[in-house]
Amino acid sequence: MINTVIHWSLHNRFFVLLATLILTGWGLYSLKETPIDAIPDLSDVQVIVKTSYPGQAPQVVEDQVTYPLTTAMLSVPGAKTVRGYSFFGDSFVYVIFDDDTDLYWARSRVLEYLSQVAGQLPASAKPELGPDATGVGWVFAYALVDRSGNNDLVGLRSLQDWFLKFELQTVPGVSEVASVGGMIKQYQVVVDPNRLRAHDITLQRIQVAINRGNKEAGASVIELAEAEYMVRVTGYLTNADDLRQIPLGVNVNGKPLLLKDVADIRLGPKMRRGIAELNGEGEVAGGIVVMRFGENALATIEGVKQRLREIEPSLPDGVEIVPTYDRSTLINNAVDNLYIKLVEEFLVVILICAAFLFHLRSSLVVIVSLPVGILAAFVVMHYQGINANIMSLGGIAIAIGAMVDGAIVMIENVHKHIEKTPLTAENRWSVMAQAAGEVGAPLFFSLMIITVSFLPVFTLEAQEGKLFAPLAFTKTYAMAAAAGLAITLVPVLMGYFIRGNPLNRMLIAIYSPVIRWALHRPAIMIIGGLVVLMIGLWPANKLGSEFMPPLNEGDLMYMPTTYPGISIGKARQILQQTDKMIATVPEVATVFGKIGRAETATDPAPLTMIETFIQFKPRDQWRPDMTPDKVRKELERIVKLPGLTNAWVMPIKTRIDMLSTGIKTPVGIKVAGADLAVIESIGQQLETILNKVPGTASAFSERVAGGRYIKVDIQRDTAARFGLNIED
């Protein structure tokens with residue numbers, strides 16, 4: 001059958017070359033359209049349910065919101081893990097699905113079960129689904145800065161929430177633009193308890209009055225003078241004076257009692273659970289661009305930056321957009337570096353083939369067939385939805401050396417025939433057919449064996465499968481393409497390009513005596529091989545192991561842990577101090593610090609968690625002999641604050657680790673049990689022990705029961721004597 005294919009190809013050379021041109025064009029198109037990212041997306045298929053329950057303590061949120069939601073989500077089809085987090089005023093429920101689950105099917109199932117449990121939640125608890133994004137969807141971040149002082153934090157946050165956010169959400173591939181930092185303007189009603197008591201008014205009455213005073217409604221239509229008029233009643237609150245004029249009733253003298261008589265109305269910031277800071281210079285407002293699941297990261301980031309350039313002239317005077325995290329730098333550096341290595345490997349293969357064949361035209365067989373095989377792999381990658389990243393391109397790099405084996409062996413066999421039968425115009429194609437037919441079948445099946453050699457990789461699951469499957473897929477596709485080209489295109493190209501081979505004969509004369517010497521002394525060769533094997537076992541046992549090789553992402557993230565119960569004011573002070581210390585390192589370009597949460601379901605960070613994005617200057621601007629490790633050690637030496645345990649991590653890898661395990665460092669220990677006090681005690685003991693382990697930079701046990709509370713216990717019998725219930 002293989003010989004039949006070879007002979008058909010040689011007799012239909014025009015169609016083979018035409019098919020090659022079509023495949024090349026198709027491959028170039030696929031190469032252009034293939035999404036590009038730095039590494040494969042290792043995050044799980046997840047759906048996030050975020051529920052805001054303003055003003056409520058974590059235990060109340062846990063009992064009334066998180067627990068009902070988590071128990072309801074346990075029965076969602078395909079869900080393998082349900083995690084619930086309860087914070088002050090917010091609940092986060094993460095539903096993790098099996099890897100083969102479609103994300104949008106999972107979202108519809110969660111929404112279905114959410115509708116069933118919504119009636120059990122408090123009236124003021126508003127659950128909503130998080131964005132259709134993965135854990136590594138944070139691809140771009142920026143800060144809004146006004147160095148002129150014309151706009152305060154309220155103005156910058158308003159600009160972000162009501163202008164930039166909506167503009168960037170229209171960019172293809174953007175799932176959400178999360179606001180962070182700044183201040184949200186509020187009308188605040190500060191009630192005077194003494195005046196309430198004097199007028200015998202309750203807080204509930206004030207709340208009802210404000211709600212009733214902020215409404216609009218329609219009242220059908222009326223007909224006047226042969227025209228129809230729609231009736232509309234306007235009543236929305238538009239300023240503080242409208243609030244002051246809200247009626248609460250009439251006093252004993254018959255005079256209207258207004259809200260301003262019992263409360264002070266003023267403008268102020270909304271209570272914050274997150275702060276953003278830039279370069280240690282003070283607070284800023286900003287945004288985090290979250291990419292939609294399955295989109296092209298590089299194209300999305302370029303679209304965001306293009307839109308920012310378009311809207312920058314319309315910003316208020318003095319306002320500047322400062323990029324603080326840009327994954328496109330990592331993507332371009334990683335993929336470009338791998339492309340360069342692929343080209344270098346390609347050129348080395350060509351030079352070696354040209355040298356050994358000693359004829360440039362003969363080496364053109366490899367030069368033409370190799371890129372065609374690579375482009376064929378990109379065609380399948382594109383339609384399968386595999387990104388071009390360091391793993392998928394690495395599979396092609398692994399395959400390149402083996403892809404040319406078929407062409408080289410076939411060319412060598414043709415030269416054997418040329419030595420016996422010199423080529424002429426009449427016998428050229430018959431010689432090619434005979435030479436290719438002799439080795440065609442063994443070559444094809446040997447290449448197919450190499451093709452299926454990575455099949456065990458496809459049995460990997462979870463993160464292992466997501467990491468190594470792209471490499472196995474692309475290597476398999478490239479080898480399969482090489483096997484097909486070896487019995488179709490290569491014989492045709494040989495007929496056009498092959499000539500004599502004097503260097504090859506010279507090399508055979510050199511290594512033939514060595515081969516004959518080894519074949520006549522099998523015992524010595526076997527013993528020598530065993531000795532080398534035994535010598536290699538000792539260093540092999542000393543090698544460490546790692547799931548994923550360390551990837552220098554270019555940017556760095558500073559994620560220290562603070563003790564619980566920290567106030568928002570102290571958090572702001574710590575954030576600015578650490579950012580200012582980091583900015584003193586000459587290699588640092590920008591420092592964007594965030595403590596607490598951004599306005600997104602993908603960021604369940606407590607107020608004790610600092611996430612500082614550090615962007616570095618280009619390497620040619622670094623001090624002589626400085627390396628990333630030296631910079632990290634210098635940062636560790638400079639940033640020292642009491643109560644902070646430093647952790648210097650990579651942004652993408654850390655978010656993957658946190659979403660997979662809930663731990664933000666490479667190594668961690670989880671302690672489970674029924675008593676939080678016992679869990680915390682065990683954690684503190686582990687902290688002391690682990691700090692003494694060689695190689696440990698820092699160890700910190702999270703204080704799971706360290707929140708501070710002011711508890712108000714109502715005496716029911718005493719309250720009953722005044723006719724008051726708990727709600728009152």
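Scroll up for the structure.
A brief look at the structure comes next. (Residues numbered from 1 in each chain as written. Predicted model: local features only at pLDDT ≥ 70, side-chain atom pairs only at ≥ 80, totals over all residues. Heavy atoms only, no water.)

## Focus on the environment of Asp-192
For step 1, the next point in the chain: As for its placement among the helices and strands, Asp-192 is situated in the loop between β7 (185-191) and α6 (193-199).
For step 2, the next point in the chain: Taking the C-alpha atoms as reference, Asp-192 lies 17 Å from Val-208; in sequence the two are 16 residues apart.
For step 3, the next point in the chain: Contact partners of Asp-192, with chain neighbours within four places excluded, come to Val-262 and Ala-263.
For step 4, the next point in the chain: At a separation of 3.1 Å, a polar atom in the side chain of Asp-192 contacts the main-chain amide nitrogen of Asn-194. (Helix = DSSP H or I, 4+ residues; strand = E, 2+ residues; numbered from the N terminus. Contact = heavy atoms within 4.5 Å. Polar contact = N/O pair within 3.5 Å; in protein donor to acceptor, adjacent residues only side chain to side chain.)

## Here we look at the sheet that holds strand β15 (residues 319-326)
For step 1, the next point in the chain: Across the sheet, 4 strands lie side by side as β6-β14-β5-β15; this open sheet has antiparallel pairing. A single partner strand is all that each edge strand has here, and the edge strands are β6 (174-181) and β15. Each strand of the sheet is rotated relative to its neighbour by a mean of 20°, with strand direction disregarded.
For step 2, the next point in the chain: As paired strands, β6 and strand β14 (residues 285-291) are joined by 7 bridges and run antiparallel to one another. (Pairing = 2+ DSSP bridges. Axes fitted to C-alpha atoms, helices over the stretch in contact; angles between N-to-C directions.)

## Focus on unusual backbone geometry
For step 1, the next point in the chain: In this model, Ser-220 sits at a positive phi of 60°, which is unusual for a non-glycine residue.
For step 2, the next point in the chain: Residue Ser-220 is classed as exposed on the basis of its relative accessible area, which comes to 57%. (Buried < 20%, exposed > 50% of the residue type's maximum accessible area, 1.4 Å probe, protein only.)

## Re the pairing of strand β10 (residues 247-250)
For step 1, the next point in the chain: Two strands pair when backbone bridges link them, and β10 and strand β11 (residues 256-258) are joined in this way by 3 bridges, in the antiparallel orientation. In the strand pairing of β11, Pro-247 is matched with Leu-258.
For step 2, the next point in the chain: In textbook terms, the turn of a hairpin is the stretch between consecutive antiparallel strands, and for β10 and β11 this stretch comprises 5 residues, one of which, Gly-254, has a positive phi near 80°.

## Quick look at the sheet that holds strand β13 (residues 274-278)
For step 1, the next point in the chain: An order of β13-β17-β18-β16-β19 is seen for the 5 strands of this open sheet, with the pairing classed as antiparallel. Strand pairing shows two members of the sheet lacking a second neighbour, β13 and β19 (648-649), which therefore form its edges.
For step 2, the next point in the chain: In terms of strand pairing, β13 meets strand β17 (residues 588-596) through 5 bridges, oriented antiparallel. Bridge pairing in β17 links Ala-276 to Lys-594.
For step 3, the next point in the chain: This element, helix α19 (residues 568-583), spans β13, β16 (556-558), β17, β18 (610-616) and β19 of the sheet and lies at about 165° to β17.

## What about the pattern of salt bridges?
Side chains bearing opposite charge may pair, as long as their charged atoms lie close to each other.
For step 1, the next point in the chain: According to the stated counting rule, one finds 22 salt bridges in the structure shown.
For step 2, the next point in the chain: Among the salt bridges present, the one from Glu-587 reaches Arg-623, with a minimum N-O distance of 2.8 Å. Linking Glu-587 in the loop between α19 and β17 with Arg-623 in the loop between β18 and α20 (628-638), this pair joins segments that are 36 residues apart in sequence.
For step 3, the next point in the chain: Classification of Glu-587 as buried rests on a relative accessible area of 0%.
For step 4, the next point in the chain: Between Asp-603 and Lys-594 there is a salt bridge; the shortest N-O distance is 2.8 Å. (Salt bridge = Lys/Arg side-chain N within 4 Å of Asp/Glu carboxyl O.)

## Considering the side chain of Thr-476
For step 1, the next point in the chain: Looking at the element boundaries, Thr-476 is found in helix α15 (residues 462-486).
For step 2, the next point in the chain: Among residues more than four places away in sequence, those in contact with Thr-476 are Thr-451, Phe-454 and Phe-458.

## Here we look at the packing of aromatic side chains
For step 1, the next point in the chain: A full pass over the atoms with the stated rule returns 10 aromatic pairs.
For step 2, the next point in the chain: Taking the centre distance of 6.3 Å and the plane angle of 65° together, the rings of Trp-162 and Phe-166 count as edge-to-face. Of this pair, Trp-162 and Phe-166 both sit in helix α5 (residues 153-169), 4 residues apart, roughly one helical turn.
For step 3, the next point in the chain: The class of Phe-166 is partly exposed, set by a relative accessible area of 43%.
For step 4, the next point in the chain: The ring of Trp-622 carries the charged tip of Arg-619 above its face, separated from the ring centre by 4.4 Å. (Phe/Tyr/Trp six-rings, centres within 6.5 Å; stacked < 30°, edge-to-face > 60°. Lys NZ or Arg CZ within 6 Å of the ring centre and 35° of its normal.)

## Some words on a nonpolar patch on the surface
For step 1, the next point in the chain: On the surface, a cluster of nonpolar side chains totalling about 700 Å² of accessible area is made up of Trp-8, Phe-14, Phe-15, Leu-18, Leu-21 and Ile-22.
For step 2, the next point in the chain: Element by element, the count of residues in the nonpolar patch is highest for helix α2 (residues 13-33), at 5 residues.
For step 3, the next point in the chain: Within the secondary structure layout, Trp-8 lies in helix α1 (residues 2-11). (Patch = residues over 30% accessible without salt bridge, like charges linked within 9 Å, V, L, I, M, F, W, Y side chains within 5 Å. Areas by Shrake-Rupley, 256 points an atom, 1.4 Å probe, with all protein chains shown as cover.)

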